[in-house]
Amino acid sequence: MSSDKKDNDNKSKGSEKTGDGKINYLSPCESLSVDDRLFRTRFIADTEAHLVVDNTICKTCKDKPCTYVCPVQNYTVNEKEDVIVSWESCLECGACRVACIPKGLSWKYPNGGKGICLRQG
Amino acid sequence: MCEEEKFDLIIVGGGLAGISAALTAAREGLEVVLLERGEYPGSKNVMGGILFTQILNKLIPEFWDKGAPVERQVTKRTFSLLTEKSELAVSLNFRDFNEAPFNNTFTCLRSKFDQWYAEQAEEAGAEIFPETVVDSLIKKDGKIIGVNARGEDGELYADCVILADGANSLLARDEGLHQEFDGKDMVVCCKEVISLPQEVIEDRFHLEGNEGAALEFFSDAVGGVVGSGFIYTNKDTLSVGLGLPVDVSGDKQLKPYELLDRFKNHPCVRPLLRGGEILEYSAHMIPEMGFDGVPPLYKDGLMVTGDAAGLVNTSIFHEGSCLAMASGVMAAETVIAAKKANDFTSNTLKLYDEKMRDSFVIKDLKRFRRVPEFLHGSPQFFGEYPKIILDLIQKYFTVSETPKKETEKEIFASFRKEIGMLKGIKEGYKLWRTFG
């Protein structure tokens, strides 16, 4: 049990650290879930949604490409078959807007200074 | 602001095109304001990671000695075809590229670079308004005379407006300069900046001093569809990412972040990334419609530059940054000429179009105008063919007791069966016609 837990810890942290705290450069590169990846990226919270879906239109869309193209999986379908968008963690790439052929998505830029704020780019 | 107290020039967007325009116009004494929607120029900007600097070096000669936060000069480039367990690579290593101006090719992290670049424009006299989103343009008698900024900034007026608002240029679309974007022309990219110590990067990629490597991977790197994966070496980080067309992602139900994880774990890629820690995750779109998708570049009081005009050379060169900078400079030069003539209508602004057509920007796009059609219409070149060819090459290099002549016969027979001579010639011609 405890060894399982240790494995998981190593997995979530990615690169293993040796006893003296140095990184072992023979261990695999870090691999993170989408959520954990987002924790490494800086966001400045906006107060209003810049992405709004119209589920009366989304209902007519069979393939729902937004649920695939989004690099952070911001589009999910709930049990009522409604498309839910988590606009707070949007990377502002615009792929969903291009993919949305039925135009069930209203997409605008977040307010000035809000949204993703890259330090590396 | 009222119409009387107007700027000479408003630039929408603080990326390479916009800042180049601001710097060029400010140096000629024009009253320029650059509107950036992010906290600072660069905060919304992402590219794979290669900055082509022939224009930058003209604007700021020997910028690499003047504090420009570029990462490494690219002396090594690799183009790899990946299948599930194999790699076929072409590697370039030209020592002359390690001498100034370093083949005008540097790895770069845009949030750092663009901040510095914008500071150079500010020092030249341009005003930069960050945290300013432009929702629409102001028109009078059919001429663009200003912009509507969201929030308290309100209306801003100028003799001329340059759109440099990037791949998602809603303003250019709203002005009718281009149609709604098509998923086949837009490539969605995701990217991780992965931290590794400088000496590990230099040992692993065989680099000395400030040399850098740019590695591009095709085929299985993106699940066997059109697109590519990349690793670029920065000083003490790697830029690792991939891109594929938006429509392919949707149609084939391929999720970019899942493909990125798969790419990072490819047996030929994994050892290059060992021990790395993710510093940042980002995504962006690249407009890859090519020459035939370039919109009208100007109208009365308005010019469009950079990604907003789809200025990306989609070929093996993958140049976008230098096209953006060149377009920004040429748009600004046109504003300077228009100011002298005191005419900001199409009559003068058509000079921008003429300059662009006379430069490498439009000439290169035209040279490779068949590439977008090839990329979209030839999935076999990204999935089926690499697999067949790498299998045959593997067979050729497999050591056994089979006499080489028999192996050669077998390989030839497999080629005829899998692709066929006639089709091989036809497909070869198609490649030559597109790129040759």
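Bear in mind that the values here come from a model prediction, so they are computed numbers and not experimental data.

Chemist: Teacher, can you tell me more about the overall build of chain B here?
Modeler: In terms of regular secondary structure, chain B is built from 15 helices and 17 strands. Whereas a compact globule of 436 residues would reach a radius of gyration of roughly 22 Å, chain B reaches 23 Å, a difference of no more than 12%. Taking the principal axes of the C-alpha coordinates as reference, chain B spans close to 85 × 45 × 40 Å. A burial count over chain B gives 59% of its 436 residues as buried. For chain B, restricting intrachain contacts to residue pairs at least 6 apart in sequence, the fraction spanning at least 24 positions comes to 72%. Surface summary for chain B: the accessible area is close to 17900 Å², and the carbon and sulfur share equals 50%. Distance between charge centroids for chain B: 8 Å, based on 50 positive and 68 negative side chains.

Chemist: Even after reading the chapter, I still don't get the packing of aromatic side chains, so can you show me in this structure?
Modeler: Geometrically, a pair of aromatic rings is defined through the distance of the ring centres and the angle of the planes. All names here are of chain B. Scanning the entire structure with this criterion turns up 20 aromatic pairs over all chains. Centroid distance Phe113 to Tyr117: 5.4 Å. Interplanar angle 35 degrees. Geometry classified as tilted. Placement of the pair is Phe113 and Tyr117 together in helix H3 (residues 110–123), with a separation of 4 residues, close to one helical turn. Both residues of the pair, Phe113 and Tyr117, belong to the buried class.

Chemist: Just checking my understanding: could you explain the nonpolar core for this structure?
Modeler: Taken as a class, soluble globular proteins show a tendency for nonpolar side chains to be buried jointly. Among the nonpolar cores identified, the biggest contains 86 residues, and B:Ile10, B:Phe113 and B:Tyr117 are the most heavily contacted of them. Setting aside residues up to four positions removed in sequence, B:Ile10 forms contacts with B:Val33, B:Leu35, B:Gly146, B:Val147, B:Leu156, B:Tyr157, B:Ala158, B:Cys160, B:Val161 and B:Ile162. Counting residues in hydrophobic clusters, the runner-up holds 81 residues, among them A:Trp107, A:Leu118, B:Leu242 and B:Ile388.

Chemist: Is there a simple way to explain the pairing of strand E14 (residues 237–245) of chain B in this structure?
Modeler: Side chains on a regular strand alternate between the two faces of the sheet. All names here are of chain B. Counting buried residues in E14 gives 9 out of 9 residues, a clear majority hidden from the surface. Relative to E14, strand E11 (residues 186–195) runs antiparallel, the two being bridged by 9 bridges. Paired with Val187 across the bridge in E14 is Pro245. Relative to E14, strand E13 (residues 228–233) is paired through 6 bridges, and the arrangement is antiparallel. Following the sheet pairing, Thr233 is matched in E14 by Leu238. Between E13 and E14, which pair antiparallel in sequence order, lie 3 residues.

Chemist: Would you mind going over the interface of chain B and chain A with me for this structure?
Modeler: Interface size is often expressed as the accessible area that is lost when the parts come together. Of the residues lining the interface, 60 residues belong to chain B; the matching set on chain A comes to 51 residues. At the boundary of chain B and chain A, one finds 6 salt bridges. Where B:Glu180 meets A:Arg97, a salt bridge forms, and the shortest distance between an N and an O atom there is 3.1 Å. On inspection of chain B and its partner chain A, the count reaches 36 residue pairs in polar contact (both at pLDDT 80 or more). Looking at the side of chain B that touches chain A, the element that brings in the most residues is strand E15 (residues 277–287) of chain B, giving 9 residues. The residue inventory of the side of chain B that touches chain A, partitioned by class, reads 25 nonpolar, 15 polar and 20 charged.

Chemist: What's the story with the side chain of B:Thr334 in this structure? I'm lost.
Modeler: As for its placement among the helices and strands, B:Thr334 is situated in helix H9 (residues 321–341). One polar contact links the side chain of B:Thr334 to the main-chain amide nitrogen of B:Tyr352, over a distance of 3.4 Å.

Chemist: Mind showing me how you'd approach the pairing of E11(B) here?
Modeler: Residues and elements named next belong to chain B. Extensive coverage of E11 is indicated by the burial of 9 of its 10 residues. Of the strand pairs in this sheet, E11 and E15 are connected by 10 bridges, and their pairing is antiparallel. Bridge assignment links Cys189 to a residue of E15, and that residue is His284.

Chemist: Any chance you could explain the packing of H9(B) against helix H11 (residues 360–367) of chain B here in plain terms?
Modeler: In a pair of packed helices, the angle between the axes and the distance between the axes together describe the arrangement. All names here are of chain B. At a minimum axis separation of 9 Å, H9 and H11 run at an interaxial angle of 140 degrees. On the basis of their axis angle, the class for H9 and H11 is oblique. Mapping the contact onto sequence places Cys322, Leu323, Ala326 and Met330 in H9 and Phe360, Val361 and Leu365 in H11. When the residues that make up the contact of H9 with H11 are grouped by side-chain class, the tally is 7 nonpolar, no polar and no charged.

Chemist: Teacher, can you tell me more about H3(B) here?
Modeler: Each full turn of the α-helix corresponds to 3.6 residues, which orients residues three or four apart in the same direction. Residue and element names in this part refer to chain B. Here H3 contains 14 residues, and its C-alpha end-to-end distance of 19 Å stays within 8% of the 20 Å for a straight helix at 1.5 Å per residue. The set of residues buried in H3 consists of Arg110, Ser111, Phe113, Asp114, Trp116, Tyr117, Ala118, Gln120 and Ala121. Just downstream of H3 lies Gly125, where phi reads positive at about 115 degrees.

Chemist: Before we go on, may I ask you to explain a negative patch on the surface in this structure?
Modeler: Residue and element names in this part refer to chain B. A grouping of Glu31, Glu119, Glu122, Glu123 and Glu127 is seen on the molecular surface, where their side chains present a negatively charged patch. By the secondary structure assignment, Glu127 is in strand E7 (residues 127–129). Overall, Glu127 belongs to the partly exposed group, its relative accessible area being 38%.

Chemist: What's the story with the side chain of B:Thr132 in this structure? I'm lost.
Modeler: Within the secondary structure layout, B:Thr132 lies in the loop between E7 and strand E8 (134–140). With near-sequence residues (within four places) excluded, B:Thr132 lies in contact with A:Gly112, B:Leu35, B:Glu36, B:Arg37, B:Ala149 and B:Asp153.

Chemist: Teacher, can you tell me more about the confidence of the model for chain B here?
Modeler: Should the pLDDT be low somewhere, the predicted coordinates at that spot are not to be read in detail. With 99% of its residues at a pLDDT of 70 or more, chain B shows a mean pLDDT of 96. Confidence metrics for the complex model read pTM 0.94 and ipTM 0.94.

Chemist: Looking at this structure, how should I read unusual backbone geometry?
Modeler: Most peptide bonds take the trans form, and the phi angle of most residues other than glycine is negative. Residues and elements named next belong to chain B. Of note, the amide linkage connecting Ala100 to Pro101 takes the cis form, showing an omega dihedral of 5 degrees. Take Pro101: it is sitting in the loop between strand E5 (87–93) and strand E6 (105–108). Positive phi, close to 50 degrees, is recorded for Asp141, a residue that is not glycine. Tracing the sequence through the fold places Asp141 in the loop between E8 and strand E9 (143–149). When its relative accessible area of 76% is taken as the criterion, Asp141 is described as exposed.

Chemist: For this particular structure, what's the right way to read the confidence of the model for chain A?
Modeler: When the pLDDT values of chain A are averaged, the result is 87; 83% of them are 70 or greater. Note on residues 1–14 of chain A: pLDDT under 50 across the span, and 9 contacts to partners over four residues away in sequence or across chains.

Chemist: Quick question: what am I supposed to make of H11(B) here?
Modeler: Residue and element names in this part refer to chain B. Looking only at H11, the buried set comprises Val361, Ile362 and Leu365. Considered in projection along H11, the buried side chains sweep an arc of 85 degrees and stay on one side of the axis. Buried residues along H11 sit in contact with H9 and helix H10 (346–357).

Parameters at a glance
Residues numbered from 1 in each chain as written. Chains lettered and ligands numbered in written order. Predicted model: local features only at pLDDT ≥ 70, side-chain atom pairs only at ≥ 80, totals over all residues. Heavy atoms only, no water. Helix = DSSP H or I, 4+ residues; strand = E, 2+ residues; numbered from the N terminus. Rg over C-alpha atoms; globule rule 2.2 N^0.38 Å. Buried < 20%, exposed > 50% of the residue type's maximum accessible area, 1.4 Å probe, protein only. Contact = heavy atoms within 4.5 Å. Areas by Shrake-Rupley, 256 points an atom, 1.4 Å probe, with all protein chains shown as cover. Lys, Arg positive; Asp, Glu negative; His and termini not counted. Charge placed at Lys NZ, Arg CZ, Asp CG, Glu CD. Phe/Tyr/Trp six-rings, centres within 6.5 Å; stacked < 30°, edge-to-face > 60°. Core = buried A, V, L, I, M, F, W, Y, C linked by side-chain atoms within 4.5 Å. Pairing = 2+ DSSP bridges. Salt bridge = Lys/Arg side-chain N within 4 Å of Asp/Glu carboxyl O. Polar contact = N/O pair within 3.5 Å; in protein donor to acceptor, adjacent residues only side chain to side chain. Nonpolar A, V, L, I, M, F, W, Y, C, P; charged D, E, K, R; others polar. Axes fitted to C-alpha atoms, helices over the stretch in contact; angles between N-to-C directions. Parallel < 35°, antiparallel > 145°, perpendicular 65-115°, else oblique. Expected span 1.5 Å × (residues − 1). Patch = residues over 30% accessible without salt bridge, like charges linked within 9 Å, V, L, I, M, F, W, Y side chains within 5 Å. pLDDT = per-residue confidence, 0-100. Arc of directions from axis to C-beta.

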